[in-house]
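Secondary and tertiary structure notes
Here are the chains, one letter per residue:
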Amino acid sequence: MKLLQQKKPFEYLLSDVNEPMLFREQFPYTDVPKILFDGKEVAISPPDEILITDTTFRDGQQARPPYTPKQIAEIYTLLHRLGGPNGIIRQSEFFLYSEKDKEAVEMCKNLGFKYPEITGWIRANKQDFKLVKEIGLSETGILTSISDYHIFLKLNKKRSEAISDYLKIVESALEAGIVPRCHLEDITRADFYGFVIPFVQRLMELSSQAKIPIKIRACDTMGLGVPYPSVMLPRSVPKIIWGLVNEGGVPSSNLEWHGHNDFHKVHINAVTAWLYGATFANSTLLGFGERTGNSPLEALVIEYISLTGSTDGIETTVITEIAEYFEKEIDFHIPPIYPFVGSEFNVTKAGIHADGISKDEEIYNIFDTQKLLNRPPKVAITDKSGLAGISHWINSYLRLEGGRRIDKRHPGIVHIQRWIDEEYKEQRITSISDEEMLREARKYLPNLFESDFDLLKKRAYSEAKELIEMLVEEEPIRSGDVRHQEESLKRFIRENPFIQFIYITNLRGVKITKNITHPQDIAKYEGLKEEESFAGRDWFTEPLSDGKTYCSDFYTSKFTKRLCITVSTPIRDAREEIIGILGADIMFEELARLESEE
């Protein structure tokens with residue numbers, strides 16, 4: 001096949017067509033898209049370094065309910081640890097629109113991590129650009145749709161009008177000293193030499209004049225990119241990347257690939273972009289993203305190590321911590337066979353394979369999963385496993401340590417063995433699934449599992465704790481001015497109807513606020529004096545002594561006869577000295593009902 005040689009870029013002129021170019025020979029719409037070849041190839045030309053960027057909090061949030069600011073800060077911390085001190089996960093992208101978006105950005109900025117760098121994302125208009133300046137980011141992504149599908153059919157514009165609008169917003173970013181990252185949306189259906197390259201060349205001219213880098217993100221919005229060497233444009237990932245570098249004049253260090261998985265090619269396309277000159281591959285944790293998702297960040301981490309031969313400070317065991325966080329804190333069920341993090345990704349089930357791995361795990365394990373992912377290889381249960389195999393599965397799957405480990409002679413293990421024997425007496429030939437083992441373990445070893453009620457209680461505690469800790473950071477509360485504090489408490493109880501009663505004490509345990517409750521409960525608290533002393537209560541003494549938020553056990557309110565919990569936390573002034581305790585009595589059933597509805 002003919003090999004395209006690198007040549008000096010020359011100026012490409014905008015082809016301002018009157019009708020949209022929709023490439024019907026490749027995208028017939030009423031049929032599966034066609035992959036056409038032109039017999040020409042471009043040379044592999046990896047950049048000096050390859051890096052990973054993250055869009056878990058932008059594109060990833062378009063595939064699921066929004067994360068809370070607290071969850072974003074905790075996931076961002078895991079990304080920081082996974083990418084290591086050298087910033088292999090170099091940037092993370094955030095929405096900037098809602099108050100929660102802004103709060104999340106501030107929480108992550110306050111963590112003080114160098115990597116991942118926090119960047120924004122806006123649409124191509126000046127009103128959105130104000131958001132970037134207000135929050136103080138040094139770089140932002142800008143939506144610059146590049147195909148005629150978007151320009152003609154969505155924006156109802158001509159190419160010349162679109163390019164003019166895009167350049168204006170980029171110029172505004174440069175004037176403010178902010179690095180613009182232009183998202184070339186739908187590049188795999190775009191007129192590459194009639195629009196993409198003329199636009200990119202104009203951007204590189206602006207960059208040279210302003211002496212500020214302009215980054216380019218090539219977005220395979222519909223997952224139509226193809227990694228095969230001699231595929232025709234606009235679907236060819238090699239030719240897109242090669243062309244942006246060699247014809248568009250984009251430095252590899254400013255070039256990024258962003259793909260989707262509509263045709264199961266998202267990961268290989270990202271790696272192909274690396275190989276042909278893009279420094280950055282964009283991704284999301286667990287592949288969360290619009291429609292079919294983006295390149296899984298954890299997969300790119302493993303690919304990075306494979307390609308470079310080095311971890312460069314990457315902490316691979318954090319991949320398992322991330323998976324556990326998503327399952328336990330976000331309540332997302334990861335498919336069991338999902339690579340690297342699924343519950344069965346390194347479980348051997350076939351009998352002949354199980355025999356091999358019992359002799360040497362390297363025979364059927366992809367690498368030392370215990371060392372790299374903190375996930376030891378496992379063997380599925382069959383009629384040959386015996387009591388020892390069953391107890392090993394229980395201890396391994398539930399990660400039981402020390403005195404919590406289950407002995408093979410435990411009566412529950414014996415009952416499970418009997419059930420397994422009965423299964424195989426009925427001519428069963430497949431292994432016992434994890435779901436079946438968990439079902440039997442819950443039946444015969446119930447003390448090892450949290451009940452649905454326990455999980456609901458845990459979530460309710462977490463929600464109440466987060467709300468109170470947010471409230472106590474408000475300026476009126478920290479001010480020490482009782483009148484302002486009472487106004488905040490009244491607003492808070494109106495917004496959160498599961499709060500039964502809320503109050504503030506001074507450092508002597510004396511309640512200094514009025515009885516703040518719901519109108520229907522005011523009469524029930526008439527016997528509670530406004531300067532009642534609570535100096536001996538646990539909810540007062542605990543946060544005062546350790547400075548942490550306190551959650552009580554269940555109790556029945558003597559005022560309303562409802563099942564309640566009390567959550568309390570220290571109030572600190574501007575010097576972070578404790579000046580009082582804020583307490584809230586919470587109707588557990590109301591809070592639990594709200595939690596179960598979410």
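Note that this is a predicted model, so its numbers are computed, not measured. (Residues numbered from 1 in each chain as written. Predicted model: local features only at pLDDT ≥ 70, side-chain atom pairs only at ≥ 80, totals over all residues. Heavy atoms only, no water.)

This part takes up the overall build of the chain. Helix and strand counts for the chain come out as 20 helices and 18 strands. Taking the principal axes of its C-alpha atoms as reference, the chain extends roughly 85 × 70 × 45 Å. A burial count over the chain gives 52% of its 598 residues as buried. Partitioning the intrachain contacts of the chain with sequence separation of at least 6 by distance along the chain shows that 69% fall at a separation of at least 24. Element-wise, carbon and sulfur atoms account for 51% of the exposed surface of the chain, whose accessible area totals about 28,200 Å². Both charge centroids of the chain, one from 74 positive and one from 92 negative side chains, sit 1 Å from each other. (Helix = DSSP H or I, 4+ residues; strand = E, 2+ residues; numbered from the N terminus. Buried < 20%, exposed > 50% of the residue type's maximum accessible area, 1.4 Å probe, protein only. Contact = heavy atoms within 4.5 Å. Areas by Shrake-Rupley, 256 points an atom, 1.4 Å probe, with all protein chains shown as cover. Lys, Arg positive; Asp, Glu negative; His and termini not counted. Charge placed at Lys NZ, Arg CZ, Asp CG, Glu CD.)

Moving on: the sheet that holds strand β4 (residues 89-94). Spatially, eight strands are ordered β3-β4-β5-β6-β7-β8-β9-β10 in a closed barrel, and the strand pairing comes out parallel. The average undirected angle you get between the axes of adjacent strands in this sheet is 30°. One ladder, built from four bridges, connects strand β7 (residues 179-185) with strand β8 (residues 215-220); its direction is parallel. The residue of β8 that forms the bridge with C182 is I216. (Pairing = 2+ DSSP bridges. Axes fitted to C-alpha atoms, helices over the stretch in contact; angles between N-to-C directions.)

Here helix α7 (residues 237-246) lies mainly inside the structure; nine of its 10 residues are buried. Along α7, the residues classified as buried are V237, P238, K239, I240, I241, W242, G243, L244 and N246. For α7, the capping residue at the N-terminal end is S236, with a side-chain oxygen 3.1 Å from the backbone nitrogen of K239. (Polar contact = N/O pair within 3.5 Å; in protein donor to acceptor, adjacent residues only side chain to side chain.)

By size, the foremost hydrophobic cluster in this structure holds 98 residues, and its most contacted members are L184, I216 and L244. When residues in this core are grouped by element, the largest group, nine residues, is from helix α6 (residues 192-210). The residues contacting L244, other than those within four sequence positions of it, are L184, I187, F192, V196, I197, V200, I216, A218, G249, V250 and L255. Listed in part, the 23 residues of the second largest apolar core include A460, L471, F492 and A584. (Core = buried A, V, L, I, M, F, W, Y, C linked by side-chain atoms within 4.5 Å.)

This part is about the pattern of salt bridges. Considering all chains together, one arrives at 36 salt bridges under this definition. The closest approach of N and O atoms between E577 and R575, which form a salt bridge, is 3.7 Å. Given the relative accessible area of 42%, E577 is considered partly exposed. Note on R575: relative accessible area 64%, which makes it exposed. Each of R58, E93, E139, R181, K215, R217 and E256 takes part in one network of salt bridges that share partners. (Salt bridge = Lys/Arg side-chain N within 4 Å of Asp/Glu carboxyl O.)

Moving on to the packing of helix α1 (residues 69-83) against helix α2 (residues 99-110). For the pair α1 and α2, the least separation of the axes is 9 Å and the interaxial angle reads 35°. Once α1 is placed against α2, the crossing between them reads as right-handed. Contacts between α1 and α2 involve P69, K70, I72, A73 and Y76 from the first element and K100, E103, A104, M107 and C108 from the second. (Left-handed = near helix turned anticlockwise from the far one by under 90°.)

With that out of the way, let us pick up helix α15 (residues 434-444). Because each turn of an α-helix spans 3.6 residues, side chains separated by three or four positions end up pointing in the same direction. Within α15, the full set of buried residues consists of D434, E436, M437, L438, E440 and A441. Contacts from the buried residues of α15 go to α13 (386-397) and α14 (411-425).

This paragraph deals with the pairing of strand β10 (residues 280-283). Burial of the side chains of β10 extends over both faces: F280 and N282 are buried on one face and A281 and S283 on the other. Pairing analysis gives four bridges linking strand β3 (residues 51-54) to β10, with the strands arranged parallel. Note that in β10 the partner of I52 across the bridge is A281. For the handedness criterion, the β-α-β arrangement of strand β9 (residues 255-259), helix α8 (residues 266-275) and β10 is classed as right-handed. (Right-handed = clockwise from strand over helix to strand, strands pointing away.)

Turning our attention to the side chain of D186. Secondary-structure assignment places D186 in the loop between β7 and α6. With a relative accessible area of 0%, D186 lands in the buried category. A distance of 3.0 Å separates the side chain of D186 from the side chain of R189, its partner in a polar contact. Excluding residues that lie within four positions of it along the chain, D186 makes contacts with I146, S147, Y149, H150, C219, T221 and M222.

The next subject is the environment of E19. Among the secondary structure elements, E19 is positioned in the loop between β1 (2-4) and β2 (40-42). Overall, the relative accessible area of 61% leaves E19 in the exposed class. Separated by 285 residues in sequence, E19 and Y304 place their C-alpha atoms 42 Å apart. Aside from chain neighbours lying at most four places away, what touches E19 is D148 and F152.

Let us look at the packing of aromatic side chains. With the rule as written, the count across this model stands at 23 aromatic pairs. Where F95 meets Y97, the ring centres are 6.4 Å apart and the plane angle is 50°; that geometry is what we call tilted. F95 gets classed as buried once you look at its relative accessible area, which sits at 16%. On the accessibility criterion, Y97 (28% relative accessible area) is partly exposed. Measuring from ring centre to ring centre gives 6.3 Å for F195 and F199, while their planes differ by 25°; the resulting arrangement is stacked. Taken together, the residues span about one helical turn, with F195 and F199 both in helix α6 at a distance of four residues. What makes F195 buried here is its relative accessible area of 0%. A relative accessible area of 0% means that F199 is categorised as buried. Three or more aromatic residues link up through ring pairs in this structure, and these residues are F57, Y67, Y76, F94, F113, F288, F326 and F332. A cation over an aromatic ring shows up here: R189 above the ring of Y149, its NZ or CZ 3.8 Å from the ring centre. (Phe/Tyr/Trp six-rings, centres within 6.5 Å; stacked < 30°, edge-to-face > 60°. Lys NZ or Arg CZ within 6 Å of the ring centre and 35° of its normal.)

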